[in-house]
Amino acid sequence: LCQVALDWDIALDALPKDERDELAAKLAGLLALYVSRHCKPVHNPVAITERAIAKARQPGLHWRHAFLSAFVAMHSLSAASYLQQDKDPRVCAMWRDFVLPYSVMSNDEPLPRLALSSLFRRACDYRTQKDDLVGSFFFGEDDANLYGMLLALRREHRRERARDSDEVISSSPLIDTLLREARHSESWAVFPKSMAPYSSRGFRSRHARFLKRLIRQSPEHTLIESALRVSRLALETTASAPASEVGAATATAAEAWAGALRAVLRADKNIPTQSFFDILEKALRTASPEHALCWADALRYATGGHAAGYLLNSGLLVLLEAEWLRQLDLSQDEASWSAVAKWLALFPSLVYELSAFLKRNQVKDQEQFLVPLGRIAIALLANADHAFHAVRERIGQCLAALAGGALELGLVINLHQLHDLTQRSSVPGKLDEALEKDELSRLRRFRETALAWAKHAARDGGLREVACLIPPALNAVADNDDDTRTAAALAVAAMMHTSRVDAYGVEPILESLLQQTAHPKWRARCAVAAYLGALVSRHALYLSSTQIDLAFGALRTLCADKSAEVRDASRASLASLISTAVPSLELEHLVLTCYDQAHKYLPLGSNGSLGSMTEDTARIRLGAVQALGATVIAFPYDVPPHVPRALVLLSKHHDLARVSSSSKLDTESRRHHVAIRAAVKHTIAEFKRTHADTWPLIKDFFSFEESEALADVLTAGDYLV
């Protein structure tokens, strides 16, 4: 296939031009697919490489022919490395004269990109040994080659960002398709395995790994000097980057710093901590809060694994602690909110990696690590009411890492400190509207910090430790401020829908929600109803039948709430809970309970009239009707055995409520009757909507008596008007 690819302009010459171009494009795609997915090396790779390079350098060659020839050359060079022929003088000459010069070109042509990918592969092959050819090329007296390499990495970032935003990045879709196929392949043939666990913020760990291996190719006695040289040069490229490429340049600089620091840490050298810290400080001073996340990922990559152990013995941790405390101790008038937010973005990354190292290696003496974190935790809690939202979000993220995320509650932050923040986030004995403006503003700031803490702890699997933060979150859901309500809804949703929770974590969350069913604000009760159903439906296997009955009873109680919004949310949660039932939920028991209670409170007066009812009885009846309606709408497009008799009972409630609404009743009783009629109408309308098309097939599920009782309900078009 490679031989034909190099001679396709001759082999296909007899075909018409249109057919030749189409077949050439298909051949290019076939070759790229082979190279990307298969690792069987070509035979005689040195000869094929020489021929392919000569073809690619041919003057006046069409760009597609040059591209495919270079593709064959890179594949053959990888095959030569696989066959241990990379020490051949001819292979070294091809690397020195063709691949390395092209790899430091920063334009968008295909040859430089293919050369860079081949250099990635070579760095992977030489990760455990010295590569004098590459080391002498990049770490000579001149910085031109290193500078060109960093610009080439910036180009890769720019192209990936453009690809992710679906922008057109080339005039040739063929090139982009082939390179995308190769880049995302896990084969060794052209591109190394693309592992990018920190790629969400622009940081690419594969780039940092490549630069780390590149630095290790420098002479042994100049390793530290080479690492600092790469870091400083990358920072200079950021300063000179155009506005459209600042993000890509920042990510490249972060990767260079991370790769350099990790290379030095893994070499167990005397680290020039002040120099690395100065580079980091200078970078954060000019970076935006969004771009600072790249540096957070860079710090996490640099200190991951065994490198964390070397960091504990270096002075860099001391410098970082001092800077974090300095930023938090500054008054809010003196400090720049963006600077505080950017520095705090680094904190969780370091905590996660260091705590993972301590757990993995079972380090007994953890005081060296925990004592500094305790001082930072006190400063974080003292600034929980910071004036700027971005800082409060970062403080919540840092607290989540210290309690519930990387570390368990009690190691750094104790339960008393957690309850103290909870108390400051609530107003015992009175509503928010009774507070002064300044006091209410401060209360909201505490709540937002608690929300951020709970949200990030839920994502990291530490929800059990911070279950007591749910009440402040529900209070924030009922806040009059739109931004606070939105943030609270997102936080509580993260807590309810997280998959990183176990049986020990669900129980305290459920208890906290059950305690809030009588919240004085309807928005909070609505949130309790919605999230209670989501929690039980998602984590039913972790709950006992007693706990499920408690949640079921709470939702039935909320079905009789004074607020129509709360009743609708409760009915929807009940329907979700019933429709996702597993054997442990005892589905038949739940449905039978709803039916029996609705039947129990069905009034049977002598004249068919409801008559007067106490407020409690009317409220219980309303809740029973709502719950029975949930058992119907829980099964759209299906008719379980309980549905026909449930519809019959609901129609009886509707008829009695309609008769009673015209009677002389007090206002409270009339309100309940109107709500009952509305609930039944909604249930019947939903049933008709989901079963209209299949009614000829499902009508046999109804007995003759049931069909007669529901004749007006299921046939009259004006019944629901």
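Note that the coordinates shown come from a computational prediction; the quantities given were computed from them, not determined experimentally.

Conventions we followed
Residues numbered from 1 in each chain as written. Predicted model: local features only at pLDDT ≥ 70, side-chain atom pairs only at ≥ 80, totals over all residues. Heavy atoms only, no water. Helix = DSSP H or I, 4+ residues; strand = E, 2+ residues; numbered from the N terminus. Buried < 20%, exposed > 50% of the residue type's maximum accessible area, 1.4 Å probe, protein only. Contact = heavy atoms within 4.5 Å. Salt bridge = Lys/Arg side-chain N within 4 Å of Asp/Glu carboxyl O. Expected span 1.5 Å × (residues − 1). Polar contact = N/O pair within 3.5 Å; in protein donor to acceptor, adjacent residues only side chain to side chain. Axes fitted to C-alpha atoms, helices over the stretch in contact; angles between N-to-C directions. Parallel < 35°, antiparallel > 145°, perpendicular 65-115°, else oblique. Left-handed = near helix turned anticlockwise from the far one by under 90°. Nonpolar A, V, L, I, M, F, W, Y, C, P; charged D, E, K, R; others polar. Phe/Tyr/Trp six-rings, centres within 6.5 Å; stacked < 30°, edge-to-face > 60°.

Asker: I would appreciate a short explanation of the overall build of the chain in the present structure.
Answerer: Within the chain, the secondary structure is distributed over 35 helices and 0 strands. For the chain, buried positions account for 56% of its 721 residues. Across the chain, every contact between residues at least 6 apart in sequence was considered, and the portion connecting residues at least 24 apart equals 75%.

Asker: Mind showing me how you'd approach the pattern of salt bridges here?
Answerer: When the charged atoms of two side chains with opposite charge come close together, those side chains can pair. In the structure shown here, the tally under the stated rule is 19 salt bridges. Aspartate 97 serves as the salt-bridge partner of arginine 96, at 3.8 Å between the closest nitrogen and oxygen. Its salt-bridge partner being lysine 455, residue glutamate 393 comes within 3.1 Å of it at the nearest N-O pair. Remark: lysine 455 occurs in helix α22 (residues 437-459) and glutamate 393 occurs in helix α20 (residues 389-405); sequence separation between them is 62 residues. A network of salt bridges, in which partner residues are shared, links Asp108, Arg154, Arg158 and Glu245.

Asker: What should I look at first to understand helix α6 (residues 89-103) in this one?
Answerer: Along an α-helix, a turn takes 3.6 residues, which lines up residues three or four apart on a common side. For α6, with 15 residues, the first-to-last C-alpha span of 20 Å sits near the 21 Å given by 1.5 Å per residue. Burial in α6 covers these residues: Val91, Met94, Trp95, Phe98, Val99, Leu100 and Ser103. Among the residues of α6, the N-terminal cap falls to aspartate 88, whose side-chain oxygen and the backbone nitrogen of arginine 90 are separated by 2.8 Å.

Asker: Sorry, what's going on with the environment of isoleucine 633 here?
Answerer: Mapped onto the elements, isoleucine 633 comes out in helix α30 (residues 615-633). A C-alpha to C-alpha distance of 8.6 Å links isoleucine 633 and alanine 572, two positions 61 residues apart in sequence. Here isoleucine 633 is in contact with Arg571, Ala575, Thr683 and Glu686, once residues within four sequence places are set aside.

Asker: What is the right way to look at helix α12 (residues 223-239) in this model?
Answerer: Its 17 residues place the ends of α12 25 Å apart at the C-alpha level, agreeing with the 24 Å of an ideal helix rising 1.5 Å per residue. By the criterion of burial, α12 is predominantly enclosed, with 12 of the 17 residues buried. Within α12, the full set of buried residues consists of Leu223, Ser226, Ala227, Leu228, Arg229, Val230, Ser231, Leu233, Ala234, Leu235, Thr237 and Thr238.

Asker: Explanation requested: the packing of α20 against α22 in the structure shown.
Answerer: Helix packing geometry: the angle between the two helix axes and the distance between the axes. One can describe the packing of α20 onto α22 by two numbers: an axis separation of 7 Å at closest approach and a directional angle of 45 degrees. Considered as vectors, α20 and α22 are oriented oblique to each other. As α20 packs across α22, the resulting crossing turns out to be right-handed. Judged by residue contacts, His389, Arg392, Glu393, Ile395, Gly396, Gln397, Leu399, Ala400, Ala403 and Gly404 of α20 engage Arg445, Glu448, Thr449, Ala452, Trp453, Lys455, His456 and Ala457 from α22. In terms of residue class, the contact of α20 with α22 is built from 7 nonpolar, 6 polar and 5 charged.

Asker: Help me out: how do you make sense of the packing of aromatic side chains in this one?
Answerer: For any pair of aromatic rings, geometry is given as the distance between the ring centres together with the angle between the planes. A complete count under the given rule lists 9 aromatic pairs for this structure. Pairing phenylalanine 203 with tyrosine 301 gives two aromatic rings, centres 6.1 Å apart and planes at 50 degrees, and the pair type is tilted. One end of the pair, phenylalanine 203, is in the loop between α10 (173-183) and α11 (205-215); the other, tyrosine 301, is in helix α15 (residues 292-302), and 98 residues separate them in sequence. In this structure, phenylalanine 203 and tyrosine 301 share a single accessibility class: buried. Centroid distance tryptophan 324 to phenylalanine 347: 5.0 Å. Interplanar angle 90 degrees. Geometry classified as edge-to-face. You can see tryptophan 324 sitting in helix α17 (residues 316-329) and its partner phenylalanine 347 sitting in helix α18 (residues 337-361), a full 23 residues away along the chain.

Asker: So what exactly am I meant to see when it comes to the packing of helix α27 (residues 545-558) against helix α29 (residues 587-600) here?
Answerer: At a closest axis distance of 12 Å, the pairing of α27 and α29 adopts a crossing angle of 35 degrees. Here α27 runs over α29; the crossing is right-handed. Together, Asp549, Phe552 and Arg556 of α27 and His589, Leu590, Thr593, Cys594 and Gln597 of α29 make up the contact between the two elements. Residue classes in the contact of α27 with α29 are distributed as 3 nonpolar, 3 polar and 2 charged.

Geometry only, nothing functional implied.
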